[in-house]
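An overview of the molecular structure
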Amino acid sequence: MSKQAKGLSIEAAASRFGWPLTRMKVCELTLSYKCNARCVFCYSSPEMEAWNSKKGLDFRKASAYLLSSYKNGSRMVQFIGGEPTVYDELPKLVRLAAKIGYPAIQIVSNGLRLADRAYARELAAAGLNTAVLSIHGAAASAHDPITGIEGSFAKVMKAAENLLSLGVYLNTGTAVTGLNYKGLPRLVKFVTAGLGVDSCHIIATHYIGAAYENKSKLKISYAAQLPYVEEALRVFHANIRRPAFGMLSNYLPCLLPGRENLMGDWKYPVDDDDLFLPDAVYRDRMYGMITDSLRMKAPACRGCVYNKVCAGFEKEYFAIYGGREFKPLKRKPAALGPDPVYS
Ligand code: SF4
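How each quantity is defined
- Residues numbered from 1 in each chain as written.
- Predicted model: local features only at pLDDT ≥ 70, side-chain atom pairs only at ≥ 80, totals over all residues.
- Heavy atoms only, no water.
- Helix = DSSP H or I, 4+ residues; strand = E, 2+ residues; numbered from the N terminus.
- Rg over C-alpha atoms; globule rule 2.2 N^0.38 Å.
- Buried < 20%, exposed > 50% of the residue type's maximum accessible area, 1.4 Å probe, protein only.
- Contact = heavy atoms within 4.5 Å.
- Lys, Arg positive; Asp, Glu negative; His and termini not counted.
- Charge placed at Lys NZ, Arg CZ, Asp CG, Glu CD.
- Pairing = 2+ DSSP bridges.
- Core = buried A, V, L, I, M, F, W, Y, C linked by side-chain atoms within 4.5 Å.
- Near = heavy atom within 4 Å.
- Nonpolar A, V, L, I, M, F, W, Y, C, P; charged D, E, K, R; others polar.
- Axes fitted to C-alpha atoms, helices over the stretch in contact; angles between N-to-C directions.
- Parallel < 35°, antiparallel > 145°, perpendicular 65-115°, else oblique.
- Left-handed = near helix turned anticlockwise from the far one by under 90°.
- Salt bridge = Lys/Arg side-chain N within 4 Å of Asp/Glu carboxyl O.
- Phe/Tyr/Trp six-rings, centres within 6.5 Å; stacked < 30°, edge-to-face > 60°.

Things to note about the overall build of the protein chain
Per the secondary structure count, the protein chain includes 13 helices and 11 strands. Rg of the C-alpha trace for the protein chain: 19 Å, near the compact-globule value of 20 Å for 343 residues, within the 12% margin. Taken over the C-alpha atoms alone, the protein chain extends approximately 55 × 40 × 40 Å along its principal axes. The burial tally for the protein chain puts 53% of its 343 residues in the buried class. Sequence-distant contacts, at least 24 apart, represent 75% of the contacts inside the protein chain between residues at least 6 apart. Where the 44 positive side-chain charges of the protein chain centre and where its 30 negative ones centre are 4 Å apart.

In structure tokens form, the structure reads like this:
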């Protein structure tokens, strides 16, 4: 990584790209279920061949969704998958999003294809101005076994270098499993000090898809991982006071009281984002459909100060570990943690 390849701060990115410094409504497009990696924790089925053969989003439909969601108030478009870079028409869609007027155009990627500088340059020239790269360890020995692709760490590092040198605002995402939780503090230090990112998303395992199939290898209780999550947050806040985005996904206030503001998805959804899949459309309730089907509460939650707003914990987690870790909070903590710029 060259010395110049450091990330923009969220304030610098907002000023450069004309982003408001408040939450933007999101148009999230799942382009296809295809992927060029084999991540052991993936939400998709472990039978990747079956998922890879599923039909992707029709280009004309994708174009229409981009336009209608913009008219419906979206100002950030997020291209996801599968892996969005395996969708051949991604550069065309990025160009169209820019033409429509989206100020924030983002991809969430494993970085394998973005290691190709010409491809990264093509996307940046089309209008891509923000990316979330999935990085699951601070070294190849930690990252590669999780993606199932030898050499993937070197590629995601090259992707980061390409995007940063092209002026793309970068965040990272990390899935926490039994394979990598002890490395979280080191990883957070690596991405904040090394890449200069000012937001890194820490996601507790969702036991669905491949993660469900691999749960005997991946499972990790909250009790075991939380000391490392806490340490990772301390490392983060040693350099950065306020993250750009919510950093903790699939965590709850009763597990980390005083960090509520950093948690992205623990409440019953009130967001108004649009989610477009190749075979379904969820307008104004993209997280609602996930929350409704995957989560549950315990009888003890009735005694919790957050009971009315908390969406609870995941059913599959409960099936593995039970509910003893979810101890109702009698009162709200005095402080709720720093408020992200986009919360
Ligand atoms: S309502 Fe239940 S799951 Fe939610 S924070 Fe309180 S104890 Fe935890």
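So, the sheet that holds strand E9 (residues 280-282)
Taken in spatial order, the 9 strands of this open sheet run E7-E6-E5-E4-E3-E2-E1-E8-E9, and their pairing is mixed. Each edge of the sheet is formed by a strand with only one pairing partner; in this case those strands are strand E7 (248-249) and E9. With 3 bridges joining them, strand E8 (residues 274-277) and E9 adopt antiparallel strand pairing. Along E9, the bridge assignment pairs Phe-276 with Val-281.

Notes on the nonpolar core
Generally speaking, soluble globular proteins have nonpolar side chains that are buried together. One finds Leu-29, Leu-66, Phe-79 and Tyr-251 to be the most contacted residues of the largest nonpolar core, which totals 79 residues. Excluding residues that lie within four positions of it along the chain, Leu-29 makes contacts with Leu-57, Ala-62, Leu-66, Val-77, Gln-78, Phe-79, Ile-80 and Phe-276. Counting residues in hydrophobic clusters, the runner-up holds 13 residues, among them Ala-14, Met-76, Tyr-169 and Ala-244.

As for the site of the ligand
Pro-253, Cys-254, Lys-297, Cys-301, Cys-304, Asn-307, Cys-310, Phe-313 and Pro-328 make up every residue found near the ligand. Among the residues making up the shell around the ligand, the classes are represented as 7 nonpolar, 1 polar and 1 charged.

Brief notes about the environment of Glu-230
Residue placement: Glu-230 occurs in helix H11 (residues 222-239). Considering only alpha carbons, one finds Glu-230 and Ser-216, 14 residues apart in sequence, at a separation of 24 Å. The contacts of Glu-230, once residues within four sequence positions are left out, are Leu-256 and Arg-259.

Quick look at the packing of helix H8 (residues 184-194) against H11
Remark: H8 packs on H11, axes separated minimally by 8 Å, with the N-to-C direction vectors making an angle of 20°. By the criterion of interaxial angle, the relationship of H8 to H11 is roughly parallel. Relative to H11, H8 is oriented so that their crossing is right-handed. Every residue of H11 that contacts H8 at Leu-184, Pro-185, Val-188, Lys-189 and Thr-192 is listed here: Tyr-228, Val-229, Glu-231, Ala-232, Val-235, Phe-236 and Asn-239. Residue classes in the contact of H8 with H11 are distributed as 8 nonpolar, 2 polar and 2 charged.

A few points about helix H4 (residues 90-100)
Taken together, the buried positions of H4 are Leu-90, Pro-91, Leu-93, Val-94, Ala-97 and Ile-100. Buried residues along H4 sit against helix H3 (59-71), strand E2 (76-80), strand E3 (104-109) and helix H5 (117-126).

Things to note about the pattern of salt bridges
Under the defined criterion, the tally for this structure stands at 5 salt bridges. Between Lys-25 and Asp-274 there is a salt bridge; the shortest N-O distance is 3.5 Å. Here Lys-25, found in the loop between helix H1 (10-17) and strand E1 (26-30), pairs with Asp-274, found in strand E8; they are 249 residues apart in sequence, far enough to count as distant. For the pair shown, Lys-25 and Asp-274 are each scored as buried.

Some thoughts on the packing of aromatic side chains
All chains considered together, the criterion is met by 15 aromatic pairs. For the ring pair Trp-19 and Tyr-169, a centre distance of 5.8 Å and an interplane angle of 75° mean the geometry is edge-to-face. You can see Trp-19 sitting in the loop between H1 and E1 and its partner Tyr-169 sitting in strand E5 (residues 169-176), a full 150 residues away along the chain. For the pair shown, Trp-19 and Tyr-169 are each scored as buried. Pairing Phe-153 with Phe-190 gives two aromatic rings, centres 6.1 Å apart and planes at 35°, and the pair type is tilted. Within this pair, whereas Phe-153 is found in helix H7 (residues 152-165), its partner Phe-190 is found in helix H8, the two being separated by 37 residues in sequence.

None of the figures reported here should be taken as evidence of function without further support.
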